[in-house]
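Reading the structure
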Amino acid sequence: AGITFSRYTVLDGTNAEMAEDLVENSDLIILAGGHVPTQLDFFQEIGLREILEGYEGTVLGISAGSMNCADEVYSIPELPGEVRDPNYKRFFRGMGLTSIQILPHYYEWKDFVLDGMKIYNEVAAKDSMGKRFYVFPDGTYLYSMFGYEEIRGEAFLMENGIFRKICEDGQKVLLPII
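Described below are features of the structure shown in this document. Predicted, not measured: the structure shown is a model, and the values here were computed from it.

1. Here's the deal with the overall build of the protein
Scanning the protein from terminus to terminus reveals six helices and 13 strands. Radius of gyration (C-alpha) of the protein: 17 Å, near the 16 Å computed for a compact globule of 178 residues. Seen through its principal axes, the protein has C-alpha atoms that stretch 45 × 40 × 30 Å. By the burial criterion, 43% of the 178 residues in the protein qualify as buried. Expressed as a percentage of contacts within the protein between residues at least 6 apart in sequence, the contacts between residues at least 24 apart total 63%. Total accessible area on the protein is roughly 10,400 Å²; 51% of this is exposed by carbon and sulfur atoms. Within the protein, the 28 negative side-chain charges are centred at a point lying 9 Å from the centre of the 15 positive side-chain charges.

Below is the structure:
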């Protein structure tokens, strides 16, 4: 993306005790990808939601990082055994930076089968009952600032088991404040 840094620090288990200071002294925080519940466990361990409450810089979420920005995170199963595991928790309290539940990598995942089930058609559709999942292909993003949120790029909405396109590539859609 052409972003350059004069300096950067990776916040992980080796320097977790410095989390508050590192966030406070950062202009940009990137929440990278990974396994959604594993990443969220780490965020909760270091108290990141509370640390970010007064943060005035920019937060950029990528993949699992964008999913964990939600107030309520939907953790779609992604590892073998998670679909069928009755103890696999799919909804968590996230970072609270948005009310939007994002499912990234649509074209990579749309035909994905896990534990014998189609992850979108059979798993996420069922889990969307009473929920709204915004499904993004790579390159689409949510822009959130000063109480409004806008999807930029191709996007789909999965709600109550129904899947529909809500935005074309190159377009924007302003989301209602919920």
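2. Side note on the sheet that holds strand E13 (residues 172-175)
Whenever strands of a sheet pair, they do so through backbone hydrogen bonds, lying parallel or antiparallel. Strands sit in the order E9-E10-E13 across an open sheet of three strands; the sheet is antiparallel. Every interior strand has two partners, whereas the edge strands, strand E9 (141-145) and E13, have only one. Strand-to-strand, the axes of this sheet are offset by a mean angle of 25 degrees, without reference to chain direction. Of the pairings in the sheet, the one linking strand E10 (residues 148-152) to E13 comprises four bridges and is antiparallel in character. Across the sheet, Glu150 pairs through a bridge with Leu174, a residue of E13.

What counts, and at which threshold
Residues numbered from 1 in each chain as written. Predicted model: local features only at pLDDT ≥ 70, side-chain atom pairs only at ≥ 80, totals over all residues. Heavy atoms only, no water. Helix = DSSP H or I, 4+ residues; strand = E, 2+ residues; numbered from the N terminus. Rg over C-alpha atoms; globule rule 2.2 N^0.38 Å. Buried < 20%, exposed > 50% of the residue type's maximum accessible area, 1.4 Å probe, protein only. Contact = heavy atoms within 4.5 Å. Areas by Shrake-Rupley, 256 points an atom, 1.4 Å probe, with all protein chains shown as cover. Lys, Arg positive; Asp, Glu negative; His and termini not counted. Charge placed at Lys NZ, Arg CZ, Asp CG, Glu CD. Pairing = 2+ DSSP bridges. Axes fitted to C-alpha atoms, helices over the stretch in contact; angles between N-to-C directions.

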